[in-house]
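# Coordinate analysis (summary)
Each chain is listed here by its residues.
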Amino acid sequence: MAEDTENQNNHNEDRIIPINIDEEMRSAYIDYSMSVIVSRALPDVRDGLKPVHRRVLYGMLDLGLNNNKPHKKSARIVGEVLGKYHPHGDTSVYDAMVRMAQDWSLRYPFVNGQGNYGSIDGDQPAAMRYTEAKLERIAEEMLADINKDTIDYQLNFDDSLEEPTVLPAKIPNLLVNGASGIAVGMATNMAPHNLTEVINATVAYIDDRNSEVGDLMKHIKGPDFPTGGIIYGVEGAREAFETGRGRVVIRARAEIETYGGERERIVVSEIPYQVNKATMIERTAELINEKKIEGITAIRDESNREGIRIVYEIKREANASIVLNNLYKYTSLQTSFSVNNIALVKGRPMLLNLKDLIHHFVEHRHEVVVRRTKYDLAEAEKRAHILEGLLIALDHLDEVIQLIRSSNTPDEAREGLMERFGLSDIQARAILDMTLRRLTGLERDKIKDEYAALMETIAYLKKILDDEGLRMQIIKDELLEIKEKYGDERKTEIVHSAAEMQTEDFIEDEAVVITISHEGYIKRTALTEYRRQARGGKGAIGSNSRDEDFIEHLLIASNHNYMLFFTEAGRCFWLRVFEIPEGTRTSKGRAIQNIINIPKEEKIKAFIKLINLKDQEYLQNNFIIMCTAKGTIKKTSLEAYSRPRSNGINAININEGDTLLAANLTTGTSEIVMALRSGRAIRFNESTVRPMGRNATGVRGISLENEQDEVVGMISINDAGTSVLVVSEKGYGKRTDIDDYRVTNRGGKGVKTISITEKTGKLVAIKDVTDQDDLMIINKSGIIIRIAVSEMRVMGRATQGVRLITFKGNDEIASIAKIEHSEEEEIEDTLTQLEGTEGTLLPTEAETLGVPDDTEAPEDVADIDEEDAASPDDDNE
């Protein structure tokens, strides 16, 4: 006995297999996770359904619950699905069916429910024994042609029945209704979309397989949620379409209504997708009690069968718009939907973008059409084969009847028919089963007609199988038919968010005058506020500057331009023109330090207007030329200034005792003219200055006459027809042909550009002008005058010019700018002057004419003693 026990123990030990627990747990968990991923949590990319939803629809089809049939108890449906296909609890089946019946959960519900199916307030549906259901009409499109061998089947959980692995799905359901599910190690959350838009995009993809996501997005604007609402911002949807992941912000649809005179209230008619309305209202009330949201006196839920209506009563002293923004910020009136497009592709989870989703659906439909066509062809050929036998029998009717009558058994008759007429077994059986009424003439004609029609059908079906283009056309036609039946308008509106709003989209791209005062106040004013006057006028009041302040810089720009600001210390700052505060012609403006981070001790000395900072060709083919008061010049590629920084960058290294004076945008082929306070100027080719880095000092541009001398301005010339305009501090100016200034090497002393006398004062400005320009002059007292350059005749270099503006007292010119004029503006300004508009000081006749003093003085002997080039020691890089 003991020996038998020992043998038994040894036998048991032989059957025990030692297993590493780590490996066993890893293997078991992977098996479990794959089961959850494939068989429970993730939808199939082809029909957009998870197994439980597919089984519910197929089970309802088994029960004959078509759209045109009566409802059946939900418990009957759940029992059918549980008993045949779904090896899980009844709750999972019933919950899945309920969700497919809720019009606030699915964009296009598949189940027509009767009874209490829950509510958007989170109320639970009635028990399955109380509710009833049948298929919606659109769900039948998901099941269409399922009995035509269009899909593969698999054995159910006990191998007793077969169930579909996928539905034929005439509808791109994964995009249309979306899906959500949590698997092991991954999850899916796909947004619903509008059926019309999805079908339009699918048709566009069929027409052009090379369509990119951007092309498809022309048709699908974004998600379309069953509860409506407003998608706030398009970037999240675009990112989801392009990458498969994105975050879509959804807002409730809210209107501010006025009632009872001055009282206001916020009325919400649509709430974000998947938001529990009752919980949202309860949480809002808590926030009001906690004083986190103020300005609301009462909340009422007035929702009914007609739709949602939530009313927020606003206090008299509160601003309804601010209250609404706080509701968006703190409550579920604004939520986000995180898109994560993970679906099963051939049994494997994959992250899919919009094009991938449409591509896999089209491929599935193509396979369904091919398999359906093969099935229809086989059935048609079977029927044609039988009809061919019947036609043979009808052609030899008497002989067939004689053969049958002479046969002792049906088998003998069948074999006789097969032998005598060369028929198949199927054909012979069909002849024997034929009723006597088929022998009438009318029935014989029906058989012939049916056969002829069948031959046409067979030829068409074979053509389909041979022509992919025809198959694609069939897919398109079926989709367009679906769109015609079920397509509707969007429920969810899409608006740009504030972050995506480009400010320039709301600002007219008009010309403006930018003024910067001596103490650093800046503003922009519409150009139309300044009126043209004749030369020599007293001008119009230009700005009410602070005591002892005056306008120092004036620039004409467009609202959408970029501005580069250069300080006297050589730093560069960026600003969009529309970001400059707007002011009237007489307002003082705003301190520039409050707009950009310019150190208080620095002043703006130069500015450049740029079209944009993103065009690489524009950036690489343009340069910035800078000059300093001590005659240094430097050239840098515009690309070095294409990356704005809030704290600015170093544009040029400034030597001690020097300051940045001017900066111009050039193409690299310009000619540079620099003018000195002493009345001299030099002209040289820009190409003689090689490009340097931002931190370089530059090279000598012009030699100063003495220590008190300094550069007053620099211009860059590109047009040979351009003339040089110079203005002195006491209001004298003149135009000189550019050819009067011969081209020399940089670094020389230059030639005389204006005859400096006590009457004219020192040189203060130099500009390049044409007859199409106007000149705007502003003096230190704030008076502005605008005159046409064409009124000023061209004079020689050494003349002292003519009086441009009449001063009162010891006033002097602070700044000049050139602008282009238009004929319409000239007419309007003339009418304004004739009407004597308030604020405009009309010039007297004498002041208008001025007193020209264009007696030419002899050229300075130094004109011919120029230095031809700067010495190497002058290059301070």
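Residues numbered from 1 in each chain as written. Predicted model: local features only at pLDDT ≥ 70, side-chain atom pairs only at ≥ 80, totals over all residues. Heavy atoms only, no water.

An unreviewed UniProt entry annotates the protein as DNA gyrase subunit A originating from Mucilaginibacter ginkgonis. The annotation that UniProt attaches to the protein under Sequence similarities (unreviewed entry) is "Belongs to the type II topoisomerase GyrA/ParC subunit family." (UniProt positions renumbered as here; feature names shortened; annotations may be inferred.)

### Description of the overall build of the protein
Scanning the protein from N- to C-terminus turns up 21 helices and 42 strands. A sequence separation of at least 24 residues applies to 73% of the contacts in the protein between residues at least 6 apart. Of the accessible surface of the protein, which amounts to about 42300 Å², a share of 46% is contributed by carbon and sulfur atoms. (Helix = DSSP H or I, 4+ residues; strand = E, 2+ residues; numbered from the N terminus. Contact = heavy atoms within 4.5 Å. Areas by Shrake-Rupley, 256 points an atom, 1.4 Å probe, with all protein chains shown as cover.)

### Focus on the packing of helix α8 (residues 195-207) against helix α18 (residues 468-486)
Where α8 contacts α18, the axes come no closer than 10 Å and their chain directions differ by 165 degrees. Relative to α18, the element α8 is oriented roughly antiparallel. Pair α8 / α18 crosses with left-handed handedness. Taking contact as the criterion, the partners of L195, T196, I199, N200, T202, V203, I206 and D207 in α8 are, on α18, M472, I475, K476, L479, L480, I482, K483 and Y486. Of the residues that constitute the contact of α8 with α18, the class distribution is 10 nonpolar, three polar and three charged. (Axes fitted to C-alpha atoms, helices over the stretch in contact; angles between N-to-C directions. Parallel < 35°, antiparallel > 145°, perpendicular 65-115°, else oblique. Left-handed = near helix turned anticlockwise from the far one by under 90°. Nonpolar A, V, L, I, M, F, W, Y, C, P; charged D, E, K, R; others polar.)

### A word on the sheet that holds strand β27 (residues 632-637)
Strand pairing in a sheet takes place through backbone hydrogen bonds and is either antiparallel or parallel in direction. A sheet is described by the order of its strands in space; here four strands give the open sequence β29-β26-β27-β32, paired in antiparallel fashion. Since the sheet does not close on itself, it has two edges, and those belong to β29 (660-666) and β32 (699-700), each with one partner. Two elements, β27 and β32, share two bridges in a ladder whose sense is antiparallel. Directly across from T632, in β32, lies its bridge partner R700. (Pairing = 2+ DSSP bridges.)

### Observations regarding the environment of K448
Along the chain, K448 falls in helix α17 (residues 441-466). On the basis of relative accessible area, K448 is assigned to the partly exposed category, the value being 43%. Linking K448 and E388, residues 60 residues apart in sequence, is a C-alpha distance of 9.1 Å. (Buried < 20%, exposed > 50% of the residue type's maximum accessible area, 1.4 Å probe, protein only.)

### Quick notes on the nonpolar core
Counting residues in each nonpolar core, the largest one holds 95 residues, and the members touching the most others are L57, L354 and I358. Among the elements that make up this core, the one with the highest residue count is helix α13 (residues 354-395) (15 residues). Two domains each donate at least three residues to this core, and these are domain 1 (33-197) and domain 3 (359-486). Residue contacts for L57: discarding those within four places in its chain leaves L49, M100, F110, L135, A139, L143 and L167. (Core = buried A, V, L, I, M, F, W, Y, C linked by side-chain atoms within 4.5 Å. Domains from an automatic or database assignment.)

### Some details on the UniProt feature "active site" (unreviewed entry) in the protein
Those residues carrying the UniProt feature "active site" (unreviewed entry) are Y130 in this numbering. Tracing the backbone through its elements, the reader meets Y130 in the loop between β2 (111-114) and β3 (132-135).

### Examining the sheet that holds strand β12 (residues 296-301)
Strand order in the open sheet formed by four strands is β10-β11-β13-β12, and the pairing between neighbours is antiparallel. The open sheet terminates on both sides in strands that have one partner only, identified here as β10 (253-259) and β12. Sheet twist, expressed as the average angle between the axes of neighbouring strands with direction ignored, equals 20 degrees. For β10 and strand β11 (residues 263-270), the ladder comprises seven bridges, and the chain directions are antiparallel. Bridge pairing links E255 to V267 in β11. Its contacts with the sheet put helix α11 (residues 277-289) on β12 and β13 (310-314), and the angle it makes with β12 is roughly 165 degrees. Lying on the sheet, helix α12 (residues 320-330) is in contact with β10, β11, β12 and β13; it crosses β11 at an angle near 35 degrees.

### Some details on the packing of aromatic side chains
Tallied over the entire structure, the rule returns six aromatic pairs. Aromatic rings pair up to connect Y58, Y85 and Y153 into one cluster. Stacked on the ring of Y259, the Lys or Arg R265 has its end atom at 4.4 Å from the ring centre. Directly above the aromatic system of Y741 lies the positively charged group of R797, at a separation of 6.0 Å from the ring centroid. (Phe/Tyr/Trp six-rings, centres within 6.5 Å; stacked < 30°, edge-to-face > 60°. Lys NZ or Arg CZ within 6 Å of the ring centre and 35° of its normal.)

### Comments concerning the pairing of β3
In this structure, strand β1 (residues 72-73) lies alongside β3, joined through two bridges in antiparallel fashion. Counterpart to K73 in the pairing with β3 is E132.

### Description of the environment of R99
With respect to the helices and strands, R99 occurs in helix α5 (residues 90-99). Assessed through its relative accessible area of 25%, R99 is described here as partly exposed. Note: C-alpha distance between R99 and F110 (11 residues apart in sequence) is 9.2 Å. Setting aside its immediate chain neighbours within four residues, R99 contacts S105, L106 and Y273.

### Points about the side chain of T150
Residue position: T150 is located in the loop between α6 (137-143) and β4 (153-155). Residue classification places T150 among the buried positions, given a relative accessible area of 1%. There is a polar contact of 2.8 Å between the side chain of T150 and the backbone oxygen of D145. Setting aside residues no more than four positions away along its own chain, T150 makes contact with D145, P168, V368, R371 and R372. (Polar contact = N/O pair within 3.5 Å; in protein donor to acceptor, adjacent residues only side chain to side chain.)

### Thoughts on α8
Compared with an ideal rise of 1.5 Å per residue, which puts 13 residues at 18 Å, α8 spans 18 Å between its outermost C-alpha atoms and is within 8% of the ideal. The buried fraction of α8 is high, at 11 of 13 residues. L195, T196, E197, V198, I199, A201, T202, V203, A204, Y205 and I206 are the residues of α8 that are buried. Capping the start of α8, N194 holds a side-chain oxygen 3.0 Å from the backbone nitrogen of T196, two or three residues further along. (Expected span 1.5 Å × (residues − 1).)

### Section: the side chain of N189
Turning to its location among the elements, N189 is positioned in strand β7 (residues 187-190). A relative accessible area of 19% means that N189 is categorised as buried. Apart from the residues lying within four places of it in its own chain, the contact partners of N189 are A179, S180, F337, S338, V339, N340 and N341.

### Considerations on helix α10 (residues 235-243)
Among all positions in α10, only G236, A237, A240 and F241 are buried. Buried residues in α10, looked at end-on, bunch into an arc of 135 degrees, giving them a common side. The elements touched by buried residues of α10 are α9 (213-216), β9 (245-251), β14 (334-340) and α13. (Arc of directions from axis to C-beta.)

### Description of the pattern of salt bridges
Applying the stated criterion across every chain yields a total of 45 salt bridges. Between D215 and K218 there is a salt bridge, with its nearest N and O atoms 3.9 Å apart. What makes D215 partly exposed here is its relative accessible area of 34%. The exposed category is assigned to K218, whose relative accessible area is 58%. Residues K382 and E379 are paired through a salt bridge, measuring 3.5 Å at the closest nitrogen-oxygen approach. Taken together, the residues span about one helical turn, with K382 and E379 both in helix α13 at a distance of three residues. For E379, a relative accessible area of 35% corresponds to the partly exposed category. The network of salt bridges with common partners includes D145, R365, R372 and E478. (Salt bridge = Lys/Arg side-chain N within 4 Å of Asp/Glu carboxyl O.)

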